[in-house]
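Now for the letters of each chain:
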Amino acid sequence: MAKTSKFVAIALSKCPKCRRGKVFTGTLYGLNFQKTNDHCSHCGMKFEIEPGYFYGAMYVSYAFVVAEMLNVGLITYIITGNETSPWLYISTIIGSILFLTPINYRYSRIFLLHFLTPKIKYYPEYDTDDKPGNI
Ligand SMILES: [Zn+2]
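In this text the structure is predicted, and so the values were computed from the model without any measurement.

Draft legend 1. Expanded view of the pattern of salt bridges. Counting across every chain of the model gives 3 salt bridges. A salt bridge links aspartate 129 to arginine 20; the nearest nitrogen and oxygen atoms lie 2.6 Å apart. Separated by 109 residues along the polypeptide, aspartate 129 in the segment after α3 (86–115) and arginine 20 in the loop between α1 (6–11) and α2 (56–80) bring together distant segments of the chain. On the accessibility criterion, aspartate 129 (52% relative accessible area) is exposed. The salt bridge partner of glutamate 50 is lysine 119, with a shortest N-O separation of 3.9 Å. Within this pair, whereas glutamate 50 is found in the loop between α1 and α2, its partner lysine 119 is found in the segment after α3, the two being separated by 69 residues in sequence.

Draft legend 2. Structural detail: the coordination of the zinc ion. In this structure, Cys15 (SG), Cys18 (SG), Cys40 (SG) and Cys43 (SG) serve as the protein donors to the zinc ion, at separations of 2.2 to 2.3 Å. With 4 donor atoms in place around the zinc ion and angles of 104 to 115° between them, the coordination shape is tetrahedral.

What counts and how
Residues numbered from 1 in each chain as written. Predicted model: local features only at pLDDT ≥ 70, side-chain atom pairs only at ≥ 80, totals over all residues. Heavy atoms only, no water. Salt bridge = Lys/Arg side-chain N within 4 Å of Asp/Glu carboxyl O. Helix = DSSP H or I, 4+ residues; strand = E, 2+ residues; numbered from the N terminus. Buried < 20%, exposed > 50% of the residue type's maximum accessible area, 1.4 Å probe, protein only. Donors = N, O, S within 2.8 Å, 3.2 Å for Na, K, Ca; no water. Tetrahedral: all angles 85-135°; square planar, octahedral: opposite > 155°, others 65-115°.

If you want it as structure tokens, here you go:
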């Protein structure tokens, strides 16, 4: 069985250790998009590795939102051709941020788990169809 690439694991919100178990329950735009599993269903890794660990995701989310605001503002400027009404920019930026909130929430946690926590490592031996159990 082929191993899961890091890109696919991030895109599908999978566990950083085994790249098989889901980090979140529910669907991306469902009512419980923010519900994070306590442990990986495949390898048993505890996602909140220390109390308050996911507070760090707020900083990642902040960076995402700033980048999105700049891009949406720039795209609005390009599409509307030098429109000067501030309400156009305010409404498009706020609308896009509200629309992207579930994505920002989930991928800030995924980004934190996969890239910003050096002690979480990928174990290819867990990336199998056989469930390794709690390790
Ligand atoms: Zn796992």
